[in-house]
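# An overview of the molecular structure
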Amino acid sequence: MDYALHEVLEVQEIAAFKTTCLTKSKTMRALVSDKELKDIMQQDITISTRQLEEYSSILSKAKPKY
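Computed from a predicted structure; not experimentally measured. Starting from 1, residues in each chain are numbered consecutively following that chain's sequence as written. It should be noted that, the model being predicted, local features are given only for residues of pLDDT at least 70 and side-chain atom pairs only at 80 or more, the latter also being counted only at that level, while totals for whole chains, interfaces and linings use all residues. Excluded from the side-chain calculation are hydrogens and water; included are all heavy atoms of the structure.

## A word on the overall build of the protein chain
Secondary structure assignment for the protein chain yields two helices and two strands. The secondary structure elements of the protein chain, listed N-terminal to C-terminal, are β-α-α-β. For the protein chain, the C-alpha radius of gyration of 15 Å lies well beyond 11 Å, the compact-globule estimate for 66 residues. Seen through its principal axes, the protein chain has C-alpha atoms that stretch 50 × 15 × 10 Å. Counting across all 66 residues of the protein chain, residues that qualify as buried make up 20%. Whether two residues are in contact is decided by their heavy atoms: any pair within 4.5 Å suffices. For the protein chain, contacts bridging at least 24 residues in sequence account for 73% of all contacts bridging at least 6. Note on areas: Shrake-Rupley with a 1.4 Å probe; residue coverage comes only from the protein chains shown. In the structure as shown, the protein chain presents an accessible area of about 5100 Å², 58% of it carried by carbon and sulfur atoms. Strands here are runs of E lasting at least two residues and helices are runs of H or I lasting at least four, both read from the DSSP assignment and numbered beginning at the N terminus. Between the two quantities, the radius of gyration covers C-alpha atoms and the globule rule is 2.2 Å times the number of residues to the power 0.38. Note on exposure labels: buried denotes an accessible area under 20% of the residue type's maximum, exposed denotes more than 50%, and partly exposed covers the range between, all computed with a 1.4 Å probe on protein chains only.

## Here we look at helix α2 (residues 35–61)
Helix span is expected to be 1.5 Å times the residue number reduced by one. Across its 27 residues, α2 extends 39 Å between first and last C-alpha, which sits within 8% of the 39 Å expected from 1.5 Å per residue. Burial in α2 covers these residues: M41, I45, S48, L52 and Y55. For α2, the elements touching its buried residues are α1 (5–29).

## What about α1?
With 25 residues, α1 extends 36 Å between its outermost C-alpha atoms, agreeing within 8% with the 36 Å of an ideal straight helix rising 1.5 Å per residue. Restricting attention to buried positions, one finds in α1 the residues V8, V11, A15, K18, L22 and S25.

## Focus on the nonpolar core
With six residues, the main nonpolar core is built from V11, A15, L22, I45, L52 and Y55. Secondary-structure elements contributing two or more residues to this core are α1 and α2. Residues in contact with Y55, not counting those within four places in the same chain, are V11, I14, A15 and K18. Among the buried residues, those of types Ala, Val, Leu, Ile, Met, Phe, Trp, Tyr and Cys that are joined through side-chain atoms within 4.5 Å form a nonpolar core.

## Observations concerning the environment of Q12
Mapped onto the secondary structure, Q12 falls in helix α1. Relative accessible area serves as the criterion here: at 39%, Q12 is assigned to the partly exposed category. Taking C-alpha positions, Q12 is 10 Å from L52, a pair spaced 40 residues apart along the chain.

As structure tokens, then:
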């Protein structure tokens, strides 16, 4: 699929931000003792992982138009 260059760059920026958030959630989850908060963080990890897979799929199919 053809995307404008700025669209590809925006998806890359979102993926980079989401990767940072995922790393933080995984790291902080190990330090949390509250079960409810751990569950919320695990949900965030699961959702973020799925979203990053979707972004990766989009980027692998993207053919930027210059």
